[in-house]
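# Residue-level structural notes
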Amino acid sequence: MTPFQVVIPARHASTRLPGKPLLPIAGKPMVVRVAEQAAQSGAQQIWIATDHHAIAAAVHEHGFKVCLTHAHHASGTDRIAEVVEQRGWSDDTIVVNVQGDEPLIPPALIRAVAEHLAAHPECAIATACHAIHDEADFRNPNIVKAVLDKDGNALYFSRAPIPYPRDLFAASSLTPALSRGERESLPEQLPVLRHIGIYAYRASFLRAYSQLAPAAIEQSEALEQLRALWHGYKIGITITDDAPPAGVDTEADLHAARATFETLINQGI
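Just so you know, these numbers come straight off a predicted model, no measurement behind them.

Cut-offs used in this document
Residues numbered from 1 in each chain as written. Predicted model: local features only at pLDDT ≥ 70, side-chain atom pairs only at ≥ 80, totals over all residues. Heavy atoms only, no water. Helix = DSSP H or I, 4+ residues; strand = E, 2+ residues; numbered from the N terminus. Rg over C-alpha atoms; globule rule 2.2 N^0.38 Å. Contact = heavy atoms within 4.5 Å. Lys, Arg positive; Asp, Glu negative; His and termini not counted. Charge placed at Lys NZ, Arg CZ, Asp CG, Glu CD. Disulfide = S-S within 2.5 Å. Expected span 1.5 Å × (residues − 1). Buried < 20%, exposed > 50% of the residue type's maximum accessible area, 1.4 Å probe, protein only. Arc of directions from axis to C-beta. Phe/Tyr/Trp six-rings, centres within 6.5 Å; stacked < 30°, edge-to-face > 60°. Lys NZ or Arg CZ within 6 Å of the ring centre and 35° of its normal. Core = buried A, V, L, I, M, F, W, Y, C linked by side-chain atoms within 4.5 Å. Salt bridge = Lys/Arg side-chain N within 4 Å of Asp/Glu carboxyl O.

A separate point is the overall build of the chain. From N to C terminus, the chain includes eleven helices and eleven strands. In terms of overall dimensions, the chain is globule-like: its C-alpha atoms have a radius of gyration of 19 Å, near the 18 Å expected for 269 residues. Projected onto its principal axes, the C-alpha positions of the chain cover 60 × 45 × 35 Å. The contacts in the chain between residues at least 6 apart in sequence include a share of 69% that link residues at least 24 apart. Positive and negative charge centroids in the chain, built from 22 and 30 side chains respectively, lie 2 Å apart.

And the structure:
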C-alpha cells in the first residue's frame, strides 16, 4: 500500500458558517468527523493544521494530531506547506489535502488520489474527477470542469462548460430545455468531467508552491490549481464512478450532514 500523510486544514473564520470546524455533527466536531473518515483511508498519520487553539483542543480531545500554523495563510495549500516544513517530511512524501468541511468524504477516494500520484512520478499533484451527465451541471459556474490529455493529466480546469460542444449546442434543443428549468442529459460521447476538490501533493511541490507567482488564469477563474498548471507542473487525474457526498458550506448542508450521520448511527454503521 502506498504510504501517505493526510493533512486537514481547519480555519475557524468562515463567512457563512463561523467556527465551522467545531460545529457539532452527531456529537462530535465536524473536523473530527473528517479526521475519522481520513483515518479509514490507510494513511500513515492524520494531521489537522490550524491556527486556532479551540480547534486544536477539540482535535486533541478526540485523539488526533495537530500542527499549529500561522494565521496569515492565504490558502489551505499554504497551510499544508507549513506542516511539511514543521514535520521535516522528505521531498518524495505524498501528502493528501482533505478539506475540513467534508465529514462524509469516502476514505477510498483519499487513498485513490495518493495511489495515483505514487503511480505517476511525472506528476507533482493528483486529484479526482467524475463524469457529468446533464447540461445544467455542465453550465453551472459553481461546478468546476476538467479536460484531460491522452495520459490522463489535466490540460485545464474551468468554471465554463468545457470541452464546449459547438455543433451539438448549435443544432440541438438542449439549451431551450435548460432555460425552462428542465434537466437535459448530455450525449454519452461528450467527455465532460467534474473536478472533485481533493489533492495529493509531493512534498517537493509544496515546498516550491509559496515561491510560485499567482497566474492571471488562476485569479480570473478563482481556481488555485491553475497556478500549478501555468507554471508547468503536471496534475494527474483519477476518475471515480460516483460523486462524493457534498461538503458543508451552508446551514442547509450542515442539517443534511447531521441527518445523514444520525441515519448511519441508527443503522449501526
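Once that is clear, we can look at the state of the cysteines. Two cysteines form a disulfide when their sulfur atoms are joined by a covalent bond. Evaluated as defined, the whole model comprises zero disulfides. Free of any disulfide, cysteine 123 has its nearest cysteine sulfur in cysteine 129, 13 Å distant.

What sets the pattern is the α-helix's 3.6 residues per turn: residues three or four places apart point alike. Taking 1.5 Å of rise per residue, 16 residues should cover 22 Å, and helix H11 (residues 251–266) covers 23 Å from first to last C-alpha, within 8% of that figure. Along H11, the positions that sit buried rather than exposed are Leu254, Ala257 and Phe261. Summarising the axial view, the buried residues of H11 lie within an arc of 65°, below the 170-degree limit, and thus occupy one face. Projecting away from the buried face of H11 at angles above 90 degrees are the exposed residues Ala252 and Asn266. Where H11 is buried, its residues touch strand S2 (24–25) and helix H1 (30–39). A positive phi of about 75° marks glycine 268, the residue just after H11.

Glancing now at the packing of aromatic side chains. Tallying each qualifying case throughout the model produces four aromatic pairs. For the ring pair tyrosine 199 and tyrosine 201, a centre distance of 5.9 Å and an interplane angle of 15° mean the geometry is stacked. Owing to a relative accessible area of 3%, tyrosine 201 belongs among the buried residues under this scheme. Aromatic side chains tyrosine 201 and phenylalanine 205 sit 6.0 Å apart centroid to centroid with 10° between the ring planes, which places their arrangement in the stacked category. Members of the aromatic cluster, connected to one another through ring pairs, are Tyr199, Tyr201, Phe205, Tyr209 and Tyr233. Positioned above the aromatic ring of tryptophan 47 is the side chain of lysine 65, whose terminal nitrogen or guanidinium carbon lies 5.7 Å from the ring centre.

What follows is about the nonpolar core. Val6, Ile8, Ile48, Val96 and Ile198 are the most contacted members of the largest nonpolar core, which has 32 residues in total. Going through the elements one at a time, strand S1 (5–9), H1, strand S4 (45–50), helix H2 (53–61), strand S6 (94–97), helix H4 (107–119), strand S7 (125–131) and strand S10 (193–202) are the ones with two or more residues in this core. When near neighbours in sequence (up to four residues on either side) are disregarded, isoleucine 48 contacts Ile8, Ala10, Val31, Ala35, Ile55, Val59, Phe64, Lys65, Val66 and Cys67.

The tally for this structure, following the rule as stated, stands at nine salt bridges. With its nearest N and O atoms 3.0 Å apart, the salt bridge here joins lysine 20 to aspartate 101. Taken together, the positions of lysine 20 in the loop between S1 and S2 and aspartate 101 in the loop between S6 and H4 put the pair 81 residues apart, joining distant regions of the chain. Taken as a pair, lysine 20 and aspartate 101 share a single burial class, namely buried. For the salt bridge of arginine 227 with glutamate 218, the shortest nitrogen-to-oxygen distance reads 2.8 Å. Pair check on accessibility: arginine 227 and glutamate 218 agree, each one buried. Sharing partners across several salt bridges, the network here consists of Lys20, Asp101 and Asp249.

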